[in-house]
Amino acid sequence: MNGHFKNEQQIENLVAGFLNLTLPLKEWTHEAHLTVATYLLNKFSVEEATCILRAGILTFNKSVGVVNTPAKGYHETLTLFWIKTISQYLKENGKDNKLMLCNNFIRSEYGSRH
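Notes on the structure follow. (Residues numbered from 1 in each chain as written. Predicted model: local features only at pLDDT ≥ 70, side-chain atom pairs only at ≥ 80, totals over all residues. Heavy atoms only, no water.)

1. Description of the overall build of the chain
- Assigned secondary structure in the chain consists of five helices and zero strands.
- Along the chain direction, N to C, the helices and strands of the chain fall in the order α-α-α-α-α.
- The globule rule puts the C-alpha radius of gyration for 114 residues at 13 Å, and the 13 Å found for the chain is close to it.
- For the C-alpha atoms alone, the extent of the chain along its principal axes is close to 35 × 25 × 25 Å.
- In the chain, 64% of the contacts between residues at least 6 apart in sequence involve partners at least 24 apart.
- Summed over all atoms, the accessible surface of the chain reaches about 6800 Å², with 56% contributed by carbon and sulfur.
- Distance between charge centroids for the chain: 5 Å, based on 12 positive and 10 negative side chains. (Helix = DSSP H or I, 4+ residues; strand = E, 2+ residues; numbered from the N terminus. Rg over C-alpha atoms; globule rule 2.2 N^0.38 Å. Contact = heavy atoms within 4.5 Å. Areas by Shrake-Rupley, 256 points an atom, 1.4 Å probe, with all protein chains shown as cover. Lys, Arg positive; Asp, Glu negative; His and termini not counted. Charge placed at Lys NZ, Arg CZ, Asp CG, Glu CD.)

As structure tokens, then:
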């Protein structure tokens, strides 16, 4: 089964683009959100990753013209849900390399939008 990412450099580029605000909005997909969160939760504590994600999404949205309101843009509840879900996945599956973690999470039942 082919993964979403072909190599770790693609993941590094995605995360860097998100953090330095150069990622095009059209590339900020559901899978990109999950990949950035998985990457950060694998690298930092839950508390640190949560802060980075919260600030990062708010800042990224502003940089691409997405207004953060209670009905649009950043959603704290969804972010915390995904952080909890990904954290549980990492606990259950260990800390593999970034490529395996991100691809396997996206393909898993956990990563599904449904």
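There's more to say after this.
2. Overview of the environment of Thr29
- By the secondary structure assignment, Thr29 is in the loop between helix H1 (8-19) and helix H2 (30-43).
- A relative accessible area of 30% means that Thr29 is categorised as partly exposed.
- A distance of 3.0 Å separates a polar atom in the side chain of Thr29 from the backbone nitrogen of Ala32. (Buried < 20%, exposed > 50% of the residue type's maximum accessible area, 1.4 Å probe, protein only. Polar contact = N/O pair within 3.5 Å; in protein donor to acceptor, adjacent residues only side chain to side chain.)

3. Details of the environment of Tyr74
- Mapped onto the elements, Tyr74 comes out in the loop between helix H3 (46-63) and helix H4 (76-93).
- For Tyr74, a relative accessible area of 11% translates into the label buried.
- Excluding its chain neighbours within four sequence positions, the residues that come into contact with Tyr74 are Arg54, Ile57, Leu58, Asn61, Asn68, Thr69 and Thr79.
- Looking at Tyr74, its side chain comes within polar contact range of the side chain of Glu76, at 2.4 Å.

4. So, the side chain of Thr79
- With respect to the secondary-structure elements, Thr79 resides in helix H4.
- Judged by its relative accessible area of 10%, Thr79 falls in the buried class.
- With sequence-adjacent residues up to four places away left out, Thr79 is seen in contact with Ile57 and Tyr74.

5. A closer look at the nonpolar core
- Among the nonpolar cores identified, the biggest contains 28 residues, and Phe18, Trp28, Val36 and Ile86 are the most heavily contacted of them.
- Top element by residues in this core is H2. It accounts for seven residues.
- Not counting residues within four places of it along the chain, the set of residues in contact with Trp28 comprises Phe18, Leu23, His33, Val36, Ile57, Phe60 and Asn61. (Core = buried A, V, L, I, M, F, W, Y, C linked by side-chain atoms within 4.5 Å.)

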